[in-house]
Structure formats: C-alpha cells, structure tokens
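Here's the letter readout for the chains.
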Amino acid sequence: MSHAAPQAIHLADYTPPNWLVSSVHLTFRLDPTGTRVLSRIEFAPNPDASSRDFALDGENMKLISARIDGAEVTPDVGAHGLTCDVPDGAFTWEAEVEINPASNTALEGLYMSSGMYCTQCEAEGFRKITYYPDRPDVMSVFTVRIEGDEPVMLSNGNPGNSGDGFAEWHDPWPKPAYLFALVAGRLVNHPGSFTTMSGREVDLNIWVRPGDEGKCAFGMQALKDSMRWDEEVYGREYDLDLFNIVAVDDFNMGAMENKGLNIFNSSCVLASPETSTDANFERIEAIIAHEYFHNWTGNRITCRDWFQLCLKEGLTVFRDAQFTSDMRSAPVKRIEDVIVLRARQFREDNGPLAHPVRPHSFVEINNFYTATVYEKGAELIGMLKTLVGDEAWSKALTLYFQRHDGQACTIEDWLKVFEDVTGRDLAQFKRWYEDAGTPRLSVTDEFKDGTYTLNFKQETPPTPGQDSKPPRVIPIAVGLLGQNGDEVVETRILEMNKAEQNFEFTGLSAHPIPSILRGFSAPVILMRETNDAERAFLLAHDTDPFNKWEAGRALARAGLLEMISEGANPDAAYLEAVRTMATDDSLDPAFRALTLGLPSQDDLAQAIHDAGSTPDPQAIWDALEALKDARAEALEDTANALYSQHQVGETYRPDAEQSGARALANAALAMITRRDGGAAAQAQYDSADNMTQQLAALGCLLQAGKGDTAVQAFYEQWQDDRLVIDKWFGLQIAHAAPDQTVAVTERLTQHPDFTMKNPNRFRATLGALAGSPAGFHHASGEGYRLLADWLIKLDPLNPQTTARMCSAFETWRRYDDARQTLIKKQLRRIADQPKLSRDTTEMVGRILQS
Ligand code: B3K
Ligand code: ZN
C-alpha cells in the first residue's frame, strides 16, 4: 500500500467525554461556495471524566475566529480538529468557520443536491459543518438560525421566528450532533396532519422539488400509519409540533432519521403507480416507518458510541419488520427478510468482512452500516423476544423507554432491562453481539418406544480475528407432523445452550416428521441430511408457512446442485412440488409467487463452496437457465392459467392483495416468455399502465433477447424521470447474457445520462454489474477490471459509496485460482491509488487480508 494504514478505534478504549454541552446556537449564512457557520456552545466539565483537556472535531473547514467567554483565542488547528486551553469550569465557546457545500461531493456534512442545500451528519458528518465534540454521547439542545434567500429553510425541531431572508428553529429535545439537519432550497410541500394519542395536533410535510408533488401521497399515508402503529403497539407518541420529510436526489444511502427533519433519498419516498413498482411501494412504506420509529429507538434513546450502532439499528429494523408484517402479510415479510439476510448477511458473515453485530474495532464507522449490524442485529432482537416471550418483551420495552429516555446507551443497558424484567442471565445471549460468524446447526433424530429425540450440534466457523467461539443460546422452533400430515406436536421453542444437546418428545405413536427452525427462529445454517420425499412432504403439509416455503427452496437447491456437479436433469420432484404450490388456491398469491423464486447464483456459489468445491459461475447460470426452461415446459398450462387468473382488473393499488396477484402473474409471465418468445410480454408491455407491469414485461423481453424496441421506447417515455431511468440502467445489465454483461455495462457508462456523482445512478449501473455473478465473474476478468476502474474514479469524489461497493469482491476466496489472481490484482490496483480514502483503504485491506 502506498501510505500508512489508518488508525483503528477500539470499543475497549471508550472514555466518557471531558466536556458536556448544555446548549448550542448555530447561525448559517448560506452561500454555495462560502457558507459561514457561527456557533455558540455552552460547555461544562463532565463530572465522570478524568481529564479536562479540550478538543473539538472538525474537518474540511476554515476557522475564521474563535472566542472563549467573549475573548479571542488561537486554538491549535489540525486536519481533524482543534485543541485549546480552556478555563477550569463552564465556559462559552464561539467560533466562525467557512465551508464549501458546492464542492462537497462526498455527500457528508453540508452539501448541494440539485441546487438545494442539505446535510448528512451520521455518523461523523457534523464535524464538517463546525468544530464540535462530534460523538453521540454528547447530547444537547440546538437552536438554529438560517440566513439566505432560499424560499424554504428548515432545521430540526419546532419553527421559531422567520422573516425576509432568515428562519429560526428550536429543538427542545437534547440530541447528539449526528441528528442535526438543515435543508434550504426551492421546495414545495405535500402537507398532512396527525392527532397524537394525547390529542396533540402535529403538522406533517413531505418537501420535494417542484414537479414531484404528485408522488407524495403514499409516503404521507405511510407516515401517518407509522405514527399510529407506534402509539398502538409500543405506546410511543410523537414529541414535536411538526414532522418534516425532505426528498433529495443525491444521497449515499436510503434515508436519515434527523430529529423532526428526516432526509430521504428521493428513491425511498417518491412514489406513483406509473413510476414505482409494487416492491418500491413496500420498501418506501418500510423506510418511512423505520426512520419515524428511530424517533424513539435512536433519537430519544441514542447510542453511547458507534460500536453500539446495532442498539438503534437492529431494534429499529425489527420494529419496521413488525410494522410491515402488520400492514401486509407476516409470512411473506418473513420469507422476504430471510432471503435478504441470507443473500447479504450470511455472505458477509462467511467472508473476510465478517464482524460481530457489535464490532470491537473500526477504522471508518461508515464501513459498519452493514447487513450484520442491521439485519443480523434485528434477528438478535427477534430471538430475544422469542426467548423471553411476548409478555416480558412488552414489559422490557416499556422499562427501556422509561429508564433510558434522554440517554446515550449501550448493549449492556439494553440487556440489563431484560435481565431485570425476567430475572434471567443473558450473558450467553450476549455472545450473539460479540462473536461474528453464522452458526452451523446440524441435527440427527431417533425414534424409540414412543420417544422421538432430536440431537443438535452447533459450530461457528472462524472469522477474522476470532478463531474459536463458545456455544451460543439458540432458540429452535420445532413442530412435529404425523405420517398422515397432521400436526402431532405444535410449535415448541427448544432452547439450545450447549455445543451438543438432545431434546425429547414423548408419547408419540410413530416416527414423526420434524419441522425444524420454524419461522427461521435463529440466524443459523441448518444442516440436515434429508431427502426429496421429506422435503416434498413438508412442502405439502407443514403448517408453518416459512418452513413450507423453505422445503420448496431446499428441493430446488438440491436439484440445482446436482445439475451443476453431476450434469443431472432437472428434478422431477421439484417440478411437481412447485406446480402443487403454485396452483394451491388456498395459499396467498404473494406466497405462491415466492415459491416460484429460485436460489440465487450467489447462494448456490456459497453452497458449493461450503461443500468443499469450487463454484463455476457460468455453470451455475447454465443450471438455473436449464431449470427455468424445464419448469416453463413442464408448467406451461399452469403458467398460462395463473397468468390469466391473476390479472388485476381494478384501479391500481400498491397493497398486499393486488401486489401479490401481480407478483404471481409476472412470475407466470416469465415462464410463458420462455415458451412464446416474448409475445405475451410484448402485449403486457404495450398495455401496461403501471411500472410493476411495464418493468416486468421489459425484463421478460430482455431475457428473451427481444428487448431492443422496448428499451428504446422506455427511455423515450421516461427520460425526464431520474428514478425510472435508474431502473432502465439496471435492468439492461441484470438481463444481459453473462458474456455480454461487461459490454452492456461499459456501454451504459458511456451514456450521456450516466453520472458517477449521483449514487443512485452509480449503484444502478455498477451495482447491477456486481449483482450479476456470471457476468461479473466472467473468466476474462473484465468484470473485475471494469468495476475497479470506476471505483478508482469514484473514490476521490465519494469515499463512502466507493467503499461500500468494494464488497462486490468479498467472495473472492470461493473461486478458482485464476479468478482469485484476477480479483487480487484489481484490489491491489485500488489499494495502490495515491490518496485513497480511509474508507476504501480499510475495505480493500480487510478483503485482501482474509
Ligand atoms: N441511520 C441512517 C444511516 C446512516 C448511515 C451513515 N453512513 C439511516 C437509518 O438506518 O435509518
Ligand atoms: Zn436505521
């Protein structure tokens, strides 16, 4: 590497802040290239701290002047902050700095997006706005004055005075700096209002660029539903007079929960039937809920330090999943979540980037907003709820809100609440937070004299820096079915807490068929030697919808693995089983559509690697294609029937019912297209009046090699809509044949609408390349080369998005020597760039050092 490795920060080194802040006054004099920020901060010594040394974080700004208690001072200023001699007791700090929002392409701190000012401060962006103790355990009351000629100027909290050229804001709730936000620009609002459970009237607004007003109604309803749900389910009431959401086009992630002023990537809030798919609607509803729920789990109770990120993220993901389950279908949501967990978190946990849900160290915290912290973090919450039961869960949450309101907390605080409520020792459970890696749970069974015994063994493979892991407590939900398909033992939670453990079921008249890990009760890999007959039986009879789906998925996977390794023909048992599920009218169409999904290329590659072989990405692609062809042939009549039976005649609604029908019809259309060469897809494309139908048809046409005309027509129709054009970029790459993926991507990066300054467009294009395994891992190594070329170009502009996308390379150890050499070459090329960001340096270093 061309420069010294950046310093890691360790959880074990935490010390409390030397100085606390009681209030902050900020004045912004807006100017695109020279915004002045004036701060007045009241500091008081922290009685819990052992030192009174005074240091403030600060980056990328010019200090104009500083004062302590009114007297000019000359602090010692470095690249990351300043130090200064200060009085022994409380004092007032005043500073004026200049920052340049227009040149801020990293999209962290104060920056410009489509001509408007906006901020992103989590995790450490506030230090690019002014000098401050930028750490979450310093909480304070903020008062903000914005001066400028923008028609709309917003900050956190409640509005104060405003007039010609200024607006004032006051947030009465103490908060860490990462929740600070400011937005100013030419914006229009979609208004709404909400009456809280205690009868307070809250004004709601979704602020957008003129022209987008028509895409706010769905988000507004989702916000109201979230507010009501959090009152009803958790007793949490909103606490300001106003709640603002702003849509911005250039944003590094989905959205941000700033107090009273949520800022959203426009793709996560703007919705209309013509421009958004059913999946977009569901995601938007979930993200609006997620950010709103942070008001309590994140904002009122925040994190002591960034190692505790899962405290707010795991819990809030868990809460938003509960909300979606209540609003839509719980089994469908659970299956969707497990698909994502396996695709993203299991992949992460089984590679060089594996880290505990609460990491022990980091170089750049932005690299730890991961599937492990979020999704596995939410699974831990789910397990905890299963282990203590619903009643104790409710009591513990009430106590958590009561005991810790207004505090910056740790995982220890969280677990203590449960220990106090239940009297249970959660030391072993805590290992889930501390140890990385996905446990392998193997199981054998025995039946003798009316007693059925399940024997479980758990083992967690080594992960970077953690060679051996003690056993964890695993809640295993099990039900037993009789040979006739009746349930003989209803779901029971087996609490495994040893490396190996037996559980007995007595009084049975015959050997039962076990349904293990119902509802996916723990984030583990279940290894059970079983056969097609048992899978088909569970698929037909299991009363647990998750395991019913899982049985079908296991059948498909087993068949595919045989096709790949032995050149076997598509599995007849799978084809029959999938027909039975797809045509079972007693099942929810959304569920049936999920049963028509297949394991992903990445999922199969991991399974082959786990079995000790080397995956061949092209062979995996070929097997999936062969299975889809065989299925389309075997289920030709079924597909035609499903397609016509599930056409939605009514006006478009993005609800669970209609979107389930469309999902099933579109799964059928994909099968039909393999038989009719695209005629039905073309007809659907021509008549579609919503994006779900239009995009599904376009995907089918591309798949059939008949997409040229529609691709052109789609572009002409939607060229003025950035979010729809993102889909257009991504879809062409996702549906290219593997030997064309790189060429199509390369061609699209030359398109006049391609820009790397917009993270959505960059991800739609290069992310689609990385998400197409057979094309990305093409033996030529051109996929790796192309992605590395663009990451090298993006890093100086936007380190956060660059670093995130390096995870495309995290699976390199799975592949053959030739591919490993090609990938390492590209990773080293990235690492050798002069001035590579800290973010990307850390990611590439971790990936290579596995
Ligand atoms: N808390 C933000 C994520 C911030 C990411 C910083 N790199 C969104 C969320 O989880 O709700
Ligand atoms: Zn969150």
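The structure this text deals with has already been given above.
Everything in this summary refers to the structure shown in the same document. In this text, all values refer to a predicted model and were calculated from it rather than measured experimentally. (Residues numbered from 1 in each chain as written. Chains lettered and ligands numbered in written order. Predicted model: local features only at pLDDT ≥ 70, side-chain atom pairs only at ≥ 80, totals over all residues. Heavy atoms only, no water.)

**Description of the overall build of the protein**
Here comes step 1: Within the protein, the secondary structure is distributed over 27 helices and 31 strands.
Here comes step 2: For 850 residues, the compact-globule estimate of 2.2 N^0.38 gives 29 Å, and the C-alpha radius of gyration of the protein, at 27 Å, lies within 12% of that figure.
Here comes step 3: Taken over the C-alpha atoms alone, the protein extends approximately 85 × 65 × 60 Å along its principal axes.
Here comes step 4: Excluding contacts between residues fewer than 6 apart, the proportion of contacts in the protein whose partners are at least 24 apart in sequence is 69%.
Here comes step 5: When the accessible surface of the protein is split by element, carbon and sulfur atoms take 48% of a total near 32100 Å². (Helix = DSSP H or I, 4+ residues; strand = E, 2+ residues; numbered from the N terminus. Rg over C-alpha atoms; globule rule 2.2 N^0.38 Å. Contact = heavy atoms within 4.5 Å. Areas by Shrake-Rupley, 256 points an atom, 1.4 Å probe, with all protein chains shown as cover.)

**Remarks on the layout of surface pockets**
Gaps left between atoms are located by rolling a probe of water-molecule size over the structure's atoms.
Here comes step 1: Counted as a void, the second largest pocket has a volume near 940 Å³.
Here comes step 2: Along the wall of the second largest pocket there are 34 residues; nearest its centre are Asp57, Glu124, Arg127, Asp134 and Arg135.
Here comes step 3: Among the elements that line the lining of the second largest pocket, the one with the most residues is strand β4 (residues 55–57), at three residues.
Here comes step 4: For the lining of the second largest pocket, a count of residues per class yields 16 nonpolar, five polar and 13 charged. (1 Å grid on protein atoms, 1.4 Å probe; cavity = no way out; pocket = protein on both sides within 12 Å on 5 of 7 lines; lining within 4 Å. Points joined across faces, edges and corners; volume = space filled by probe spheres on them. Nonpolar A, V, L, I, M, F, W, Y, C, P; charged D, E, K, R; others polar.)

**Description of the state of the cysteines**
Here comes step 1: Inspection of the entire model under this criterion finds zero disulfides.
Here comes step 2: Not part of a disulfide, Cys216 finds its nearest cysteine sulfur in Cys268, a span of 14 Å. (Disulfide = S-S within 2.5 Å.)

**Things to note about the pattern of salt bridges**
Here comes step 1: If you walk through the whole model with that rule in mind, you get 65 salt bridges.
Here comes step 2: Salt-bridge contacts for Arg662 lead to Asp278; the nearest nitrogen and oxygen are separated by 2.8 Å. Here Asp278 lies in helix α2 (residues 278–293) and Arg662 lies in helix α16 (residues 656–676), a separation of 384 residues in the sequence. With respect to burial, Arg662 and Asp278 carry one shared label: buried.
Here comes step 3: A salt bridge links Asp420 to Lys416, with the nearest nitrogen and oxygen atoms 2.9 Å apart. Taken together, the residues span about one helical turn, with Asp420 and Lys416 both in helix α7 (residues 411–422) at a distance of four residues.
Here comes step 4: Taking the relative accessible area as the measure of exposure, Lys416 reaches 40% and is therefore partly exposed.
Here comes step 5: Via salt bridges that share partners, Glu746, Glu782, Arg785, Asp789 and Arg829 belong to a single interconnected network. (Salt bridge = Lys/Arg side-chain N within 4 Å of Asp/Glu carboxyl O. Buried < 20%, exposed > 50% of the residue type's maximum accessible area, 1.4 Å probe, protein only.)

**Here we look at the site of ligand 1**
Here comes step 1: The environment of ligand 1 is made up of 14 residues, and the closest members are Glu122, Glu257, Glu291, Asn366 and Tyr374.
Here comes step 2: Between ligand 1 and Lys312, the relevant distance is 3.4 Å, taken from a nitrogen atom to a side-chain nitrogen or oxygen of the residue.
Here comes step 3: Separating an oxygen atom of ligand 1 from a side-chain N or O atom of Glu313 is a distance of 2.9 Å.
Here comes step 4: Across the complex, the protein chains shield 94% of the 340 Å² of accessible surface that ligand 1 would expose by itself. (Near = heavy atom within 4 Å. Polar contact = N/O pair within 3.5 Å; in protein donor to acceptor, adjacent residues only side chain to side chain.)

**Details of the pairing of strand β3 (residues 35–45)**
Here comes step 1: Of the strand pairs in this sheet, strand β2 (residues 19–29) and β3 are connected by ten bridges, and their pairing is antiparallel. Bridging from a neighbouring strand, Val24 pairs with Ile41 of β3.
Here comes step 2: The pairing of β3 with strand β9 (residues 91–99) spans nine bridges and is classified as antiparallel. Counterpart to Arg40 in the pairing with β9 is Glu94. (Pairing = 2+ DSSP bridges.)

**Considering the environment of Val421**
Here comes step 1: The residue Val421 is located in helix α7 in this model.
Here comes step 2: Look at Val421 and you get partly exposed, because its relative accessible area is 27%.
Here comes step 3: Sequence separation between Val421 and Phe503 is 82 residues; the distance between their C-alpha atoms is 27 Å.
Here comes step 4: Not counting residues up to four positions away in its chain, the partners in contact with Val421 are Ala392, Lys395, Ala396 and Leu399.

**Points about the coordination of the zinc ion (ligand 2)**
Here comes step 1: His290 (NE2), His294 (NE2) and Glu313 (OE) make up the full set of protein donors to the zinc ion (ligand 2), lying at 1.9 to 2.1 Å.
Here comes step 2: Look at where the donors of the zinc ion (ligand 2) fall in the sequence and you get H-x3-H-x18-E. Residue His290 is found in helix α2, and its partner Glu313 is found in helix α3 (residues 309–327); the two are separated by 23 residues along the sequence. Across the pair, exposure class does not vary: His290 and Glu313 are buried alike. (Donors = N, O, S within 2.8 Å, 3.2 Å for Na, K, Ca; no water.)

**A look at the packing of helix α14 (residues 617–634) against α16**
Here comes step 1: In contact at an axis separation of 9 Å, α14 and α16 are set at 90 degrees when each is read in the N-to-C sense. When the axes of α14 and α16 are compared, the pair comes out roughly perpendicular. Contacts from Glu625, Lys628, Asp629, Arg631, Ala632 and Glu633 of α14 reach α16 at Met671, Arg674 and Arg675.
Here comes step 2: For the contact of α14 with α16, the class distribution of residues is two nonpolar, no polar and seven charged. (Axes fitted to C-alpha atoms, helices over the stretch in contact; angles between N-to-C directions. Parallel < 35°, antiparallel > 145°, perpendicular 65-115°, else oblique.)

**Concerning the nonpolar core**
Here comes step 1: Counting 264 residues, the largest nonpolar core has Trp93, Trp414 and Phe429 as the members making the most contacts within it.
Here comes step 2: Ignoring anything within four residues of it in the chain, the contact list for Trp414 reads Leu311, Leu315, Ile381, Leu384, Trp393, Leu397, Tyr400 and Tyr433. (Core = buried A, V, L, I, M, F, W, Y, C linked by side-chain atoms within 4.5 Å.)

**Things to note about the packing of aromatic side chains**
In this description, an aromatic ring pair is defined by two values, namely the gap between the centres and the angle between the planes.
Here comes step 1: According to the stated counting rule, one finds 47 aromatic pairs in the structure shown.
Here comes step 2: Aromatic pair Phe43 and Phe54: ring centres 5.0 Å apart, planes at 90 degrees, arrangement edge-to-face. Within this pair, whereas Phe43 is found in strand β3, its partner Phe54 is found in the loop between β3 and β4, the two being separated by eleven residues in sequence.
Here comes step 3: Between the NZ or CZ atom of Arg304 and the centre of the ring of Tyr14, over which it lies, the distance is 3.6 Å.
Here comes step 4: In this arrangement the basic side chain of Arg319 is found over the ring face of Tyr234, its NZ or CZ atom lying 4.9 Å from the centre. (Phe/Tyr/Trp six-rings, centres within 6.5 Å; stacked < 30°, edge-to-face > 60°. Lys NZ or Arg CZ within 6 Å of the ring centre and 35° of its normal.)

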